[in-house]
Amino acid sequence: MCTICSLTIEFAVEHPLTLAVAVATRQAIDDGLLPEAPAEEKDMAQSRHEAVVLLTFLQQRLEQVLSASRLLALPNFFVLMIESRTWGYFHPTLSGFDVRATPSSPRIEPDETGERDAIVVISQAAADEIAKGRLPFAQGQESGVVFVDAPDASAAAIRSAFMTAYPVGQFSEFVCTEVA
């Protein structure tokens, strides 16, 4: 499901790094890097709603922190929240990310020309901690709870943007306070 583009698009696409990010998330919880999930059972609709909220916070933070030229330099990219299999699509424009974008299904494997889409694979637990300013993006990558799967230049631009938006240490403005 694409959330950022204001459409409900069901992508029947699984990413091969989903399991690795899930295992890293469990390890991060066991190590105390991420909080234990509440014991309450969530249905898929509630989990997707929470993913939409988190994706929106991530989008808004990138728009707030990056200059227009730096935002435009980003490639189009997808974000996959692994628990709910919720996809977000980020298409940069001069005025921020295009909320009316209509993406095709993500290309995980290179096509005949070698092109594939840039994808950030992340657990919702990690995205929540990143959005709240408690987990720097770089530390999320190091621990494996977030992975940028993209061609080299695209991956570097995406990593740099997220590390700028979610640096080491706390930041005070525009921190996601709660997921409804």
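Residues numbered from 1 in each chain as written. Predicted model: local features only at pLDDT ≥ 70, side-chain atom pairs only at ≥ 80, totals over all residues. Heavy atoms only, no water.

The subject of this paragraph is the sheet that holds strand β2 (residues 86-90). Strands sit in the order β2-β1-β5-β6 across an open sheet of four strands; the sheet is mixed. Strands at the two margins of the open sheet, each flanked by one partner only, are β2 and β6 (146-149). The average angle at which neighbouring strand axes cross in this sheet is 20 degrees, direction not considered. The sheet contact formed by strand β5 (residues 118-122) and β6 spans four bridges and is antiparallel. Residue V121 lies in a different strand from β6, and its bridge partner there is F147. Set on the sheet, helix α2 (residues 44-65) makes contact with β1 (77-81) and β2; between it and β2 the angle comes to about 20 degrees. (Pairing = 2+ DSSP bridges. Helix = DSSP H or I, 4+ residues; strand = E, 2+ residues; numbered from the N terminus. Axes fitted to C-alpha atoms, helices over the stretch in contact; angles between N-to-C directions. Contact = heavy atoms within 4.5 Å.)

For the rest of this paragraph, the subject is the environment of T113. Positionally, T113 belongs in the loop between β4 (96-97) and β5. A relative accessible area of 58% places T113 in the exposed class. There is a polar contact of 2.7 Å between the side chain of T113 and the side chain of D111. (Buried < 20%, exposed > 50% of the residue type's maximum accessible area, 1.4 Å probe, protein only. Polar contact = N/O pair within 3.5 Å; in protein donor to acceptor, adjacent residues only side chain to side chain.)

Side-chain pairing between opposite charges can occur once the charged atoms of the two side chains come close. Counted under the stated rule, the structure contains seven salt bridges. Taking the shortest distance from any N to any O, the salt bridge between K132 and D128 comes out at 3.1 Å. Exposure remark for K132: the relative accessible area of 13% places this residue in the buried category. Judged by relative accessible area, D128 falls into the buried class, the value being 16%. Salt bridges linked by common partners bring R26, D30 and E36 together as one network. (Salt bridge = Lys/Arg side-chain N within 4 Å of Asp/Glu carboxyl O.)

Moving on: the packing of α2 against helix α6 (residues 152-165). Two numbers describe how α2 lies on α6: the axes approach to 9 Å, and their chain directions differ by 85 degrees. Compared by their axis directions, α2 and α6 come out roughly perpendicular. In this structure, α2 uses L58, R61, L62 and V65 to contact α6, whose residues at the interface are A161, F162, T164 and A165. Grouping the constituent residues of the contact of α2 with α6 by class yields six nonpolar, one polar and one charged. (Parallel < 35°, antiparallel > 145°, perpendicular 65-115°, else oblique. Nonpolar A, V, L, I, M, F, W, Y, C, P; charged D, E, K, R; others polar.)

With that settled, the discussion passes to the side chain of H15. Structurally, H15 is set in the segment before α1 (18-30). Note on H15: relative accessible area 4%, which makes it buried. Polar side-chain contacts of H15 include one of 2.8 Å to the side chain of D149. Contacts of H15, omitting those with residues within four sequence positions, involve L80, I108, I119, V121 and D149.

Moving on, we get to the nonpolar core. Ranked by internal contacts, the top residues of the largest apolar core, which has 36 residues, are L62, F77 and F162. Elements that contribute at least two residues to this core include exactly α1, α2, β1, β5, α4 (124-131), β6 and α6. F77 has contacts with L62, G88, Y89, F90, F97, A118, V120, I158 and F162, leaving out every residue within four places of it along the chain. Listed in part, the ten residues of the second largest apolar core include I82, Y89, I108 and V121. (Core = buried A, V, L, I, M, F, W, Y, C linked by side-chain atoms within 4.5 Å.)

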